[in-house]
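A closer look at the structure
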Amino acid sequence: MTAPETQGAPPPVPAAPEHLQGRGAWFKRLPVVHQVRQSVGLQRGMLVTGLVLCAVFVVTAVGARWIAPYGWSQLRTPEGAFGAQHPPSAEHWFGTTVGGYDVLSRVVWGAQTALLVVIVAVTASIVVGVLLGLVSGYFGGWADRVLVLVADAVYAFPSLLLAILLAIVISGGQSSMWGGVLAAALSITVVFVPQYFRVVRAEVVRIKGEAFVDAARVLGTPHRRIMTRHVLRNSVRTLPLIVTLNASEGILTLAGLGFLGFGIEPTAAAEWGYDLQRAVADVTSGIWWTALFPGLAIVLAAMGMTLVGESLNDLADPRLRVRSRSRKVAGAVAATSVDAGSDADAGTTGPSKEES
C-alpha cells in the first residue's frame, strides 16, 4: 500500500522575521506602510480612505500655483471679465461666484490657506504642549498642580469663540492672509495645548519611575539629558492620534471664522468659509455651484484627517493586533495541515477490515 503523498512532502519553511526579509524590509517598517499592513477589515478601509483624502488635500495645496487656472483674486482675462454667477462650463469648470471669481481657483487656493493654518497650529501646539508636559511631569511640585489646573480651565473656552476674539485683537476683524492664519492657528494652539500637555505629562509620570531612568540618575546623568534622551523619546508615541484631530479642528475653525466674517479678505487669500458665507444667498435662487464646491472641500479635508486619526486610535488598541496576529497564525496552520478529504480518499484506496 502506497503512503499518502503528503507524508513525502517537505516541511514548510517558516517565514523569516521582517528585519531579515531582504531589501524591502525597511519599506514595510515605514510609519504609514506599517500601519496599513497592521490594519485589518474596516480599520484598513478607513485608514486608506483617510490617507487618500489627506494626500489629495496636501498635493492640491502645495501645487495650487500649477493646478489653479486663475489667481485667487483674479476677475478677468485679457479677453474680458469672468462675469458673476455663471454656471459650470468649459471655461470655468466650477462656475463663478457672485463677486465674479472663478470657483475652481478659489477652492484650490483655499486648500493652501487651510494647510498653512494646520502647519502653524500643529507645530505651535506640539512645541508648547510637549515642553510644558515634560517639565511638569518630571519635576512635579506646586508648578505641576498649577499647570494641571490651568489646563483644565482652558477646556471651558470654545475654540471658535476664542478664534473670533483673537481675530479682532490681531487685525480688528479685517484679516490679511497671515492675520487670518495666525488668528485661527493661535486659537487652536491655546485650546489644544492642554491635550498635548496632559498626554505627555501622564506618560512622563509613568516613565520617570522606570528602572532605566533610576539607573541614569544613579550614574549621575544630568536632568536635561534624562528628560530629552530617555523620557521624551518614550512619551510622545501617542501624539499622532491628537495631531490628526487637531489638524481637522484647525480647518473647521478657519472655515467658521470666514463664515462669520472674521476670516481672510478675498483680495488677500482664498478661504473656503468666506466663499461659503457669500454663497448662502445664492442657494435660495437656485445657484448651487457657489456653495457646493467650497463646502465639499471643507467636508473632505476634515473627514480625511478624522478618518486617519480614528484609524490610528483603533490600531493603538492591542486587541486589534491580537486579532490580526491570530488570523495570520490560523492561515499558516491551515496551509500546513492535511486536508481531511484527502485522508478519506486515501483510506478508501486500501482494503477495508471487512474485505480482509
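Let me begin by describing the structure that accompanies this report. Please read all numbers here as calculations on a predicted model, not as lab measurements.

1. Description of a nonpolar patch on the surface
Residues Trp288, Leu292, Leu296, Val299, Leu300 and Met303 make up a contiguous nonpolar surface patch of roughly 530 Å² in combined accessible area. Mapping Trp288 onto the fold places it in the loop between helix H14 (280-283) and helix H15 (289-315). With relative accessibility at 47%, the residue Trp288 sits in the partly exposed group.

2. Section: the pattern of salt bridges
One pass over the structure, following the stated rule, counts five salt bridges. The closest approach of N and O atoms between Glu203 and Arg206, which form a salt bridge, is 2.8 Å. Separated by three residues within a single helix, Glu203 and Arg206 lie in helix H9 (residues 177-207), roughly one turn from each other.

3. Some thoughts on the packing of aromatic side chains
Across all of its chains, the model carries seven aromatic pairs by this definition. Ring centres of Phe94 and Phe293 lie 3.9 Å apart, and the angle between their planes is 0 degrees; on these two criteria the pair is classed as stacked. With a gap of 199 residues between them, Phe94 in the loop between strand S2 (80-81) and helix H6 (103-139) and Phe293 in helix H15 connect regions that are remote in the sequence. Here Phe293 falls in the buried class, since its relative accessible area comes to 16%. Ring plane angle 50 degrees and centroid distance 6.3 Å describe the contact between Trp288 and Phe293, whose orientation is recorded as tilted. Here a set of aromatic residues connected by ring pairs shows up, and it is made of Phe94, Trp288, Trp289 and Phe293. Over the ring of Tyr101 we find Arg106; its NZ or CZ atom is 5.2 Å from the centre of that ring.

Procedures and definitions
Residues numbered from 1 in each chain as written. Predicted model: local features only at pLDDT ≥ 70, side-chain atom pairs only at ≥ 80, totals over all residues. Heavy atoms only, no water. Patch = residues over 30% accessible without salt bridge, like charges linked within 9 Å, V, L, I, M, F, W, Y side chains within 5 Å. Areas by Shrake-Rupley, 256 points an atom, 1.4 Å probe, with all protein chains shown as cover. Salt bridge = Lys/Arg side-chain N within 4 Å of Asp/Glu carboxyl O. Helix = DSSP H or I, 4+ residues; strand = E, 2+ residues; numbered from the N terminus. Buried < 20%, exposed > 50% of the residue type's maximum accessible area, 1.4 Å probe, protein only. Phe/Tyr/Trp six-rings, centres within 6.5 Å; stacked < 30°, edge-to-face > 60°. Lys NZ or Arg CZ within 6 Å of the ring centre and 35° of its normal.

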